[in-house]
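Structural features, examined
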Amino acid sequence: MMFSFFATVTTLVLVLLTFTSICMAHPEDANTTTARFGKRSVCGYPILAPEVTGGPYPWNTTLLRRNVTETQLGVPFSLTIQIVDINTCSNLSNAAVEIWSANYLGSYSHYDGDSNSTFLRGILSTDNSGAVTFDTLYPGSYSGRTVHIHLRVHYEGYLYLNNTYTGGRIVHTGQLFFNDSLSDQVLAVYPYSSSSATRTYNSADNIYSDNGQFMIPTVRLVNSGSVSQGLIGNIVLVVNSSATAGDTNVSGGSGNIGGGGGNRP
């Protein structure tokens, strides 16, 4: 009996040592295993926010503002994005978060036939907790893409009293996604229901397949009942503040944002 006990203990130790060696030799496997089983491994969060394309609809003009809805129709969506720096595992204050998304018809401002339109685009500077909150609308759907919001994070620029942000670097380009079940509810209500676009789900989206499941905000109803009353969402993104994709110049008046890294692959 004593021999059997020691043999069992020895076997367990060897298994643990083997697993540890594998994780050390292939840290990506360890991270995948950690994320898969719900444990957090990057500054307390699942992964470094994946870099994906900015798509064909970024624009060299944006506005420093919280409310980006203008006169657009849709489900009100209050979105808080908190930025954490992987280099320090601390909240990244004084960064600038830029968002843009499609309206209920699947159209982007500036690409909707009006080169002066600016709806559903904006940029804000993160506070001491590394967070910004946008008052936007739940994005619409269009053929070939699942429902999503684009974002870029700029860092080490200067925010002036004349509402101008200049000199920063683009340190992250990403996209936020939503659970299909939530999008189904939103797209079923007016004005989204008036769109004739073919619905694309997360499973068929080639950008969502790049760890998009980690880029889904936590979303809740403003009031219990219908989604049409509004939604509140939040997400924490871990980025690398040392990354360099280009220079940034953002103006609040004319809204210029230029010189940046453009579309990333």
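Quick caveat, the model's predicted, so the values are computed rather than measured.

Before going further, it helps to spend a moment on the overall build of the protein. Scanning the protein for helices and strands turns up three helices and twelve strands. Within the span of the protein, comprising 265 residues, buried residues form 46% of the whole. Considering only contacts in the protein between residues 6 or more positions apart, those separated by 24 or more positions represent 75%.

Now for the state of the cysteines. Applying the stated criterion across every chain yields a total of one disulfide. Covalent S-S linkage joins Cys43 and Cys89, the inter-sulfur distance amounting to 2.1 Å. Taking the sign of the torsion about the S-S bond as the criterion, the disulfide between Cys43 and Cys89, at about -75 degrees, is left-handed. Within this pair, whereas Cys43 is found in the loop between α2 (27–36) and β1 (76–85), its partner Cys89 is found in the loop between β1 and β2 (90–91), the two being separated by 46 residues in sequence. For Cys43, a relative accessible area of 22% corresponds to the partly exposed category. Here Cys89 falls in the partly exposed class, since its relative accessible area comes to 44%.

On to the nonpolar core. With 44 residues, the main nonpolar core has Ile81, Tyr138, Leu176, Tyr192 and Leu237 as its most contacted residues. Of all the secondary structure elements, the ones that give two or more residues to this core are β1, β3 (96–100), β5 (131–137), β6 (148–155), β8 (164–177), α3 (180–187) and β10 (231–239). In this structure Tyr138 touches Val75, Phe77, Val147, Phe178, Leu182, Ser183, Val186, Tyr192 and Leu231, once residues within four positions along its chain are discounted.

The residue Arg121 is located in strand β4 (residues 121–125) in this model. A residue is classified by how much of its surface remains accessible, and Arg121, at 3% relative accessible area, is buried. A distance of 2.7 Å separates a polar atom in the side chain of Arg121 from a polar atom in the side chain of Ser109.

What follows concerns α3. Among all positions in α3, only Leu182, Ser183, Val186 and Leu187 are buried. Seen end-on, α3 carries its buried residues on one side only, within an arc spanning 125 degrees.

Looking at the element boundaries, Ala204 is found in the loop between α3 and β9 (218–221). For Ala204, a relative accessible area of 58% puts it in the exposed group. C-alpha of Ala204 to C-alpha of Thr146: the two residues are 58 residues apart in sequence and 7.8 Å apart in space.

Another aspect to go through is the packing of aromatic side chains. According to the stated counting rule, one finds seven aromatic pairs in the structure shown. Consider the rings of Tyr57 and Tyr111, whose centres lie 5.1 Å apart with planes at 70 degrees: the pair is edge-to-face. With a gap of 54 residues between them, Tyr57 in the loop between α2 and β1 and Tyr111 in the loop between β3 and β4 connect regions that are remote in the sequence. We classify Tyr57 as partly exposed; its relative accessible area is 27%. With 5.2 Å between their ring centres and 90 degrees between their planes, Phe177 and Tyr208 make a pair best called edge-to-face. With Phe177 in strand β8 and Tyr208 in the loop between α3 and β9, this pair connects stretches of sequence that are 31 residues apart. Pair check on accessibility: Phe177 and Tyr208 agree, each one buried. Three or more aromatic residues joined by ring pairs make a cluster, and in this case those are Tyr57, Tyr108, Tyr111 and Tyr142. The side chain of Arg199 reaches across the aromatic face of Tyr201, ending 4.2 Å from its centre.

Right, let's get into the pattern of salt bridges. The tally for this structure, following the rule as stated, stands at seven salt bridges. A salt bridge links Glu98 to Arg152; the nearest nitrogen and oxygen atoms lie 3.0 Å apart. Here Arg152 lies in strand β6 and Glu98 lies in strand β3, a separation of 54 residues in the sequence. Taking relative accessible area as the criterion, Glu98 reaches 2% and is therefore assigned buried. The class for Arg152 is buried, based on a relative accessible area of 6%. Salt-bridge contacts for Arg145 lead to Asp205; the nearest nitrogen and oxygen are separated by 2.6 Å.

Cut-offs applied
The residue numbering used here restarts from 1 in each chain and proceeds along that chain's sequence as written. Confidence filtering applies because this is a predicted model: local features only for residues at pLDDT of at least 70, side-chain atom pairs given and counted only at 80 or more, and all residues used for totals across whole chains, interfaces and linings. Excluded from the side-chain calculation are hydrogens and water; included are all heavy atoms of the structure. Going along the chain from the N terminus, every DSSP run of H or I of four or more residues is numbered as a helix, and every run of E of two or more is numbered as a strand. Accessible area is worked out with a 1.4 Å probe on protein chains only. A residue is then buried under 20% of its type maximum, exposed over 50%, and partly exposed in between. By the convention used here, residues are in contact when the closest approach between their heavy atoms is within 4.5 Å. Note on terminology: pairs of cysteine sulfur atoms within 2.5 Å are recorded as disulfides. In plain words, nonpolar cores are sets of buried Ala, Val, Leu, Ile, Met, Phe, Trp, Tyr and Cys residues tied together by side-chain atoms within 4.5 Å. Polar contact is defined as a pair of N or O atoms within 3.5 Å, subject to the rule that within protein one atom must be able to donate a hydrogen and the other to accept it, and that residues adjacent in sequence are counted only when both atoms are side-chain atoms. Picture the helix axis, draw a direction to every C-beta atom, and the arc is the one those directions span. We call Phe, Tyr and Trp rings a pair once their centres come within 6.5 Å, taking the six-membered ring for Trp, and we label the pair stacked below 30 degrees between planes, edge-to-face above 60, and tilted otherwise. The criterion for a charge sitting over a ring is simple: Lys NZ or Arg CZ within 6 Å of the ring centre, and within 35 degrees of the ring normal. A side-chain nitrogen of Lys or Arg and a carboxyl oxygen of Asp or Glu constitute a salt bridge if their distance falls within 4 Å.

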